[in-house]
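Coordinate inspection notes
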2 protein chains.
Amino acid sequence: MGLSKKLASYIIDTNYDNIPEEVVEFTKLCILDYFGSAIAGSTKAPVKMVHDFAVEMGGEPQATLVTGGKTSVAQAALVNGAASHIVELDDIHKASIIHAATVVVPAALAVAEWKKLSGKDLITAVVIGYEVCYRIGEAVTPSHYYYWHNTATCGTFGAAAAVSKLLELHEEQIVHALGSAGTQAAGLWEFIEDGAMSKQLHPGKAAMNGVISGLLAQKGFTGASEILEGDRGFFRAMSESFDESKVTNNLGKEFKIMENGFKIHASCRHTHHAMDLMIDLRNESDLSLDLVESIKVKTYQVALNITDNDSPETEYASKFSLQYCTALALVKGEGGLDVFNQENLWNEDVRNMMGKVEVEVDPDIDDNYPEKWGVKVEVSLSNGEKITKQTDYPKGDTENPVTEIELQNKFLKLAKKLSINERERLSAYVLRLGDIEKIEKIMSVFIKVR
Amino acid sequence: MGLSKKLASYIIDTNYDNIPEEVVEFTKLCILDYFGSAIAGSTKAPVKMVHDFAVEMGGEPQATLVTGGKTSVAQAALVNGAASHIVELDDIHKASIIHAATVVVPAALAVAEWKKLSGKDLITAVVIGYEVCYRIGEAVTPSHYYYWHNTATCGTFGAAAAVSKLLELHEEQIVHALGSAGTQAAGLWEFIEDGAMSKQLHPGKAAMNGVISGLLAQKGFTGASEILEGDRGFFRAMSESFDESKVTNNLGKEFKIMENGFKIHASCRHTHHAMDLMIDLRNESDLSLDLVESIKVKTYQVALNITDNDSPETEYASKFSLQYCTALALVKGEGGLDVFNQENLWNEDVRNMMGKVEVEVDPDIDDNYPEKWGVKVEVSLSNGEKITKQTDYPKGDTENPVTEIELQNKFLKLAKKLSINERERLSAYVLRLGDIEKIEKIMSVFIKVR
């Protein structure tokens, strides 16, 4: 039996009633965390452009946009996907290097709203979507990630899986939906050189392509039956090496969504470990910043592929500069959305500190990646002292978790565009999602937003 | 200067007035040929499904569907792209292995109609779109083609280029549009194993993604500035080897659309050379089919990668079976749309003949590919006689061209869904496209179609 068929059978067999309570509760937090990022992102210029594109195209008012108004279900997935990745605070799964929320949740939300489905349906679809894309991501990590943005490429399968469940597709249709998803999978890392807006296009398009795949499959549109493992399929075309057993090992016996990590700092996940250590250093000691002569950041190769930038010129690029993020966290003692701004980007103290940061690969840490996203920081002071700190897990990883309260607070902070009343209503809806009869009710919060 | 910037500068500098008359005339034939394929394809089940998806999503009535009605410009590109590849009679460029019409023309038509542009604008955009995707395709051929459907992947750039011209984007915006195009480029060959409908999804999505790229760039949405040649860009991620000089050599000094080939047989281009030889054999001699003992078809490797199938089970799959196509052409003496049907698929004479066909790689022919798409056919008869025929160019190649009359006749045959009156009107419009003030006028032929 091919992998797509095994995934299809898993998707059909997974129902709300056999998802453990703790998984249901955790999934609600993932969805709440999605809304925080999406709302914070919804006012950003690139998201506005994608929104304007959707408005220009028009469409049936099937699903609500976090940017305000309604559009077709495909375009809602596009806009709501683009919105939720931009503040760099959306969730992350280490082993697959995927931000699942920004692709799976907007696709599932749009279809669930359109089809008048319930909170239980949404939870089930999101659990399934995460499972499918995490497994495919793990199968191709790390080699795929060099060129490809896993969130987009593997995410497309997750979105298609979630949509397939919501549309109640039968097994054969799901295989076709996954085939169409894989043959639309795209998203190259090249944009990072320019800090271009593709990073928003990727999750939006992945969510939209997942919706298209599901809807076409429902109409009988066929796709490759072995899109993953086939001779000219996703694995061989887009990865130097892969382990297809990751797709099916323990499938249906565990819930990978529980491995999901949450972000507290508003930058690329590969900068968080170093930022955590810098913030700890500030909190633990009365270190005088003037004493710092050099900061050596030793980490895994992939982190440097994405974040080795010693002179970020834009706010956005600064979130992908390990040098900047390390300096910012040390100077400001925090790493939330508020500190990533123009003022701090050109702040003399931060810039000076950034000049003292050197980044390099540590072979041991590199060997343990991606199971551990580790870092070792050596701070040398002018008095001859040397402070060394090390961590294997950035804050928000399952091994170093955040609490529900911390996540609720993060949401309330990110969702500032909404009134406190609306924020509390949305948060309450999501936290009792199992009782919500129609997803429409949740999305009504956004109708009047702009 | 990066490749995208050079392409952008070429796109800006190319205007109707500097396109030679013979190129203008030839481009009209390309567009006429597009309409033939699109109209013939518009009634097919997979195309109907994509049409139904667009109707389900809704959208502003910006552009006309060859399947009837109007929808948003992005969705019109999707449907009209999906429609024009399915009867396997759309044009082909050997050196890049791209069917440009099915991606570039629907994208350009939709935007030109929407923006109330002229026939001259359309011609200019189509010339540009072909140029850009052929060049990118040549740069990555042959290695890219093993996994990737060039028409879709490289075609996306062609669609984006044509749309950029029609929207009068400035240089920087065009660079961004190409960046967005490249990071959406997708389309794996894996579907061919199942004869799945992805082959229609690919050009449709490529056309749509080209439109999205152009429209987003117009709004200020940025993309990678070196999406082709960058370290994590299109070339390195998706080709084992590539020659970037192909993108810019003689750019602006020649018109690659003139290298376009047209298809007369309704099957994969890689089967045409052998079919031509079989039809010639029938026309030249009074060969008795009973005498045929074996037929050895020697060709290049890529042809076998796609068309080595000795037992096609569906009409669609039969168009990708070199064995079937060779037998069909020999038994029926022709290879047009009419002979690819259920009856012939299960016809005993054709099936018997197919059993006698063996296919293999000829190293000399393989060495000359893709400049020459050659074949050598050895027919052994039971009387001991052996007939050998060879060709380097299938009928319709520039080296073995079809006439304007042949193309008009092909159009009239393919467009049978329209009344003869409508067909002649559409053909006349296209052949005097330089005088048409608004593309809307041409597309009005389809408004009442269903």
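Conventions and cut-offs
- Residues numbered from 1 in each chain as written.
- Chains lettered and ligands numbered in written order.
- Predicted model: local features only at pLDDT ≥ 70, side-chain atom pairs only at ≥ 80, totals over all residues.
- Heavy atoms only, no water.
- Helix = DSSP H or I, 4+ residues; strand = E, 2+ residues; numbered from the N terminus.
- Buried < 20%, exposed > 50% of the residue type's maximum accessible area, 1.4 Å probe, protein only.
- Polar contact = N/O pair within 3.5 Å; in protein donor to acceptor, adjacent residues only side chain to side chain.
- Contact = heavy atoms within 4.5 Å.
- UniProt positions renumbered as here; feature names shortened; annotations may be inferred.
- Salt bridge = Lys/Arg side-chain N within 4 Å of Asp/Glu carboxyl O.
- Pairing = 2+ DSSP bridges.
- Axes fitted to C-alpha atoms, helices over the stretch in contact; angles between N-to-C directions.
- Least-squares fit on C-alpha atoms with pLDDT ≥ 70 in both.
- Disulfide = S-S within 2.5 Å.
- Domains from an automatic or database assignment.
- Buried area = accessible area lost by both parts, 1.4 Å probe.
- Nonpolar A, V, L, I, M, F, W, Y, C, P; charged D, E, K, R; others polar.

This paragraph deals with the side chain of His273 of chain B. Residue and element names in this part refer to chain B. Note that His273 resides in helix 13 (residues 272-284). Looking at His273, the relative accessible area reads 0%, which means it is buried. Reaching out from His273, the side chain makes a polar contact with the backbone oxygen of His270 at a distance of 3.1 Å. Leaving out residues up to four positions away in the same chain, His273 has contacts with Thr299, Tyr300, Trp373, Gly374, Val375, Thr391 and Pro394.

In this numbering, the UniProt entry assigns the feature "domain: MmgE/PrpD C-terminal" (unreviewed entry) to residues 265-427 of chain A. Secondary structure across residues 265-427 of chain A divides into 44% helix and 16% strand, with the first and last C-alpha atoms of the span separated by 21 Å.

Scanning the entire structure with this criterion turns up 42 salt bridges over all chains. Across the salt bridge formed by Lys70 of chain B and Glu113 of chain B, the nearest N and O atoms sit 3.7 Å from each other. Taken together, the positions of Lys70 of chain B in strand 2 (residues 70-71) and Glu113 of chain B in helix 5 (residues 101-114) put the pair 43 residues apart, joining distant regions of the chain. Among the residues examined, Lys70 of chain B registers a relative accessible area of 35% and is labelled partly exposed. Linked through salt bridges whose partners overlap, the residues forming this network are Glu131, Arg135, Glu138, Glu254, Lys256 and Glu259 of chain A.

Here we take up the sheet that holds strand 4 (residues 357-361) of chain A. All names here are of chain A. Read across the sheet, four strands follow the order 4-3-5-6 without closing on themselves; strand pairing throughout is mixed. In this open sheet, the two edge strands, each paired with only one partner strand, are strand 4 and strand 6 (386-391). Adjacent strand axes in the sheet meet at a mean angle of 15°, parallel and antiparallel pairs treated alike. For strand 5 (residues 375-381) and strand 6, the ladder comprises six bridges, and the chain directions are antiparallel. If you follow Glu378 over to strand 6, its bridge partner there is Thr388.

Overlay of chain A on chain B (RMSD 0.0 Å): rotation 180°, translation along the axis 0.0 Å. In symmetry terms, the pair is related by a two-fold rotation axis. Ranked by how close their C-alpha atoms come to the rotation axis, the residues of chain A are headed by Gly59 of chain A, at 1.8 Å. A share of 100% of the interface residues of chain A reappears at the interface of chain B, consistent with the copies meeting face to face through the same patch.

Before going further, it helps to spend a moment on unusual backbone geometry. Residues and elements named next belong to chain A. Residue Pro370 is reached from Tyr369 by a cis peptide bond, and omega for that bond is 5°. Looking at where Pro370 falls in the secondary structure, it is placed in the loop between helix 19 (363-368) and strand 5. Here the phi dihedral of Glu88 falls at roughly 55°; this positive angle occurs in a residue that is not glycine. For Glu88, the location among the structural elements is in the loop between helix 4 (73-83) and helix 5 (101-114).

Before going further, it helps to spend a moment on the sheet that holds strand 5 (residues 375-381) of chain B. All names here are of chain B. Spatially, four strands are ordered 4-3-5-6 in an open sheet, and the strand pairing comes out mixed. Every interior strand has two partners, whereas the edge strands, strand 4 (357-361) and strand 6 (386-391), have only one. Adjacent strand axes in the sheet meet at a mean angle of 15°, parallel and antiparallel pairs treated alike.

Counting across every chain of the model gives zero disulfides over all chains. Of all cysteine sulfurs in the structure, the one in Cys133 of chain A sits closest to Cys154 of chain A, which takes part in no disulfide; the separation is 7.5 Å. In this structure Cys325 of chain B is a free cysteine whose sulfur lies 8.0 Å from that of Cys268 of chain B, the closest cysteine sulfur available.

A separate point is the pairing of strand 6 of chain A. Here strand 6 of chain A shows a buried face lined by Ile387, Lys389 and Thr391 of chain A and an unburied face lined by Lys386, Thr388 and Gln390 of chain A. A loop of four residues connects strand 5 of chain A with strand 6 of chain A, the two strands running antiparallel in sequence, and Gly384 of chain A in this loop sits at a positive phi of about 90°.

Turning next to the domain arrangement of chain A. All names here are of chain A. Structurally, chain A comprises domain 1 (3-263 + 403-446) and domain 2 (269-391). The straight-line distance from the C-alpha centre of domain 1 to that of domain 2 is 31 Å. Together domain 1 and domain 2 conceal approximately 1,600 Å² of surface at their shared face, both sides included; 67% is due to carbon and sulfur atoms. The interface formed by domain 1 and domain 2 includes zero salt bridges. The tally of links from domain 1 across to domain 2 stands at four residue pairs in polar contact (both at pLDDT 80 or more). A per-class count over the side of domain 1 that touches domain 2 returns 14 nonpolar, three polar and six charged.

In this section: the side chain of Thr124 of chain B. Examined against the element boundaries, Thr124 of chain B turns out to sit in helix 6 (residues 119-140). Beyond its immediate sequence surroundings of up to four residues, Thr124 of chain B is in contact with Thr14, Asn15, Tyr16, Ile19 and Lys165 of chain B.

Our focus in this paragraph is the interface of chain A and chain B. The interface is formed by 63 residues belonging to chain A together with 63 residues belonging to chain B. Between chain A and chain B, roughly 5,200 Å² of surface is buried when both sides are summed, and carbon and sulfur atoms account for 62% of that area. Contact with chain B buries area across many residues of chain A, yet Glu190, Phe221 and Arg232 of chain A alone supply 17% of it, more than any other trio. Scanning the region where chain A abuts chain B turns up two salt bridges. Residue Glu56 of chain B is joined to Lys219 of chain A by a salt bridge in which the shortest nitrogen-to-oxygen separation is 2.5 Å. The interface formed by chain A and chain B includes 29 residue pairs in polar contact (both at pLDDT 80 or more). The set of elements that each furnish at least two residues to the side of chain A that touches chain B consists of helix 3 (45-57), helix 4, helix 7 (143-147), helix 9 (171-184), helix 10 (198-218), helix 11 (234-238) and helix 14 (301-307) of chain A.

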